[in-house]
Amino acid sequence: MGSTPFIEGQLDEAALDRQLKALIADVLGLDQAQAAAFGAESGLFGHLPELDSMAVAGLLTEMEDRLGIVIDDDDVDGEMLETYGGLLAFAQAKLDPLQTPS
Amino acid sequence: MIFTWNIPARDGGLAGDEMLLAFDRGRTARVLICPAWFDEANKLRRFTVEVMRRLDAAGIDSLLPDLPGCNESLVALQKQTLGEWRSGMAAAAQSLSATHVLAIRAGALVAPAELPGWHYAAQSGPKLLRGMIRARTIAAREAGISETSEGLMAIGRESGLMLGGWHIGAKMFRELEIAEPTVAHNQTEIAQSQIGGSGLWLRAEPDEDAGQADRLAALIADSIG
């Protein structure tokens, strides 16, 4: 699977965005073009009926594997799971804690 | 296509009947399928049987026994242990005269070591538990109940746990915490990247992918020769 999205020690946000969209495409069975249309406000958990707790758990576990991060219980909250933007900001913060997600 | 197989009873009691789905035409190559578990079993069931159909077309028999406590089984899942599932699969391999094994995801944890074969996208016990426990904590949070992974692990070890609708007994839980798939001599790992596309166990809902089934079956058929 994809390597951690860093270029010369810097977090490559575009690469992370692509990886996260590809992962969501895998979970939702979308093609890459459909997933590419995901925006910051696109709703996830609570908005997509197929994205139940089991699917979200699978998504988070796969994020851990693909991005090389560890997601703790306390990390998982409504804000992080509600929109694509929330999930992306969470992943950015996990990969690069010094950088404050917008 | 639907048969039963006898699993030896513990304590020398009467043997239990479990379901078996098989493409059995008495051919030389007979592949025992160790299926994925729990939620992943549902998501991968169609894929698994599609691979079996392709093996059948390639002149290879395949045998898919139900694990005791799953699907149509009459015994309780919560009484099952990893050790008994392993010996059950070994008994199935012997009584069905399997020549090879194809283990799928957590099925690799119970694949008989003496059979040559393949582990497709093998899943470890700790990762299996982690995913299921995470699903439970997310659902609990949604319902306004406070549960922690750590707390659930402690309960699971002590008295078993209901995870995603599957009642996993305490012994099975403790066994899974340390269970890693072992690729035995003559067995080969097949990574998802060799099959192409994304693993169907990741999908939020069961799906199918003819291309993936083609490629996995072809890999096995080519290897059997």
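Worth saying up front: this structure is predicted, and the values here are computed from it rather than measured. (Residues numbered from 1 in each chain as written. Chains lettered and ligands numbered in written order. Predicted model: local features only at pLDDT ≥ 70, side-chain atom pairs only at ≥ 80, totals over all residues. Heavy atoms only, no water.)

1. Some points on the interface of chain B and chain A
So, step 1. Listed by partner, the interface residues are 20 residues for chain B and 24 residues for chain A.
So, step 2. Approximately 1900 Å² of surface area, both sides summed, lies buried where chain B meets chain A, with 58% of it carried by carbon and sulfur atoms.
So, step 3. The largest contributions to the chain B side of the interface with chain A come from R134, I138 and L202 of chain B, which together make up 32% of the buried area.
So, step 4. On the surface where chain B and chain A come into contact, there are three salt bridges.
So, step 5. Taken together, chain B and chain A are joined by twelve residue pairs in polar contact (both at pLDDT 80 or more).
So, step 6. With ten residues, the top contributor of residues to the side of chain B that touches chain A is helix 3 (residues 125–142) of chain B.
So, step 7. By residue class, the composition of the side of chain B that touches chain A is five nonpolar, six polar and nine charged. (Contact = heavy atoms within 4.5 Å. Buried area = accessible area lost by both parts, 1.4 Å probe. Salt bridge = Lys/Arg side-chain N within 4 Å of Asp/Glu carboxyl O. Polar contact = N/O pair within 3.5 Å; in protein donor to acceptor, adjacent residues only side chain to side chain. Helix = DSSP H or I, 4+ residues; strand = E, 2+ residues; numbered from the N terminus. Nonpolar A, V, L, I, M, F, W, Y, C, P; charged D, E, K, R; others polar.)

2. A word on the nonpolar core
One broad trend across soluble globular proteins is that nonpolar side chains are buried collectively.
So, step 1. Grouped together as the largest cluster of nonpolar side chains are 41 residues, with contacts concentrated most on L32, W37, F38, W85 and L176 of chain B.
So, step 2. The biggest single contributor to this core is helix 2 (residues 82–95) of chain B, with five residues.
So, step 3. Excluding its chain neighbours within four sequence positions, the residues that come into contact with W37 of chain B are L67, L82, W85, A106, G107, L109, V110, L128 and L176 of chain B.
So, step 4. Formed by 30 residues, the second largest nonpolar core is a distinct cluster that contains L16, L51 and A91 of chain A together with I138 of chain B. (Core = buried A, V, L, I, M, F, W, Y, C linked by side-chain atoms within 4.5 Å. Buried < 20%, exposed > 50% of the residue type's maximum accessible area, 1.4 Å probe, protein only.)

3. Observations concerning the domain arrangement of chain B
All names here are of chain B.
So, step 1. Split into domains, chain B comes out as domain 1 (2–123 + 181–224) and domain 2 (126–180).
So, step 2. Here domain 1 and domain 2 have C-alpha centroids that lie 24 Å from each other.
So, step 3. If you look at the interface, domain 1 gives 16 residues, while domain 2 gives 13 residues.
So, step 4. Taken over both partners, the interface formed by domain 1 and domain 2 buries close to 1400 Å², and the fraction arising from carbon and sulfur atoms is 72%.
So, step 5. If you look at where domain 1 meets domain 2, you find four residue pairs in polar contact (both at pLDDT 80 or more).
So, step 6. Taken together, the elements giving at least two residues each to the side of domain 1 that touches domain 2 come down to helix 1 (38–57) and helix 2. (Domains from an automatic or database assignment.)

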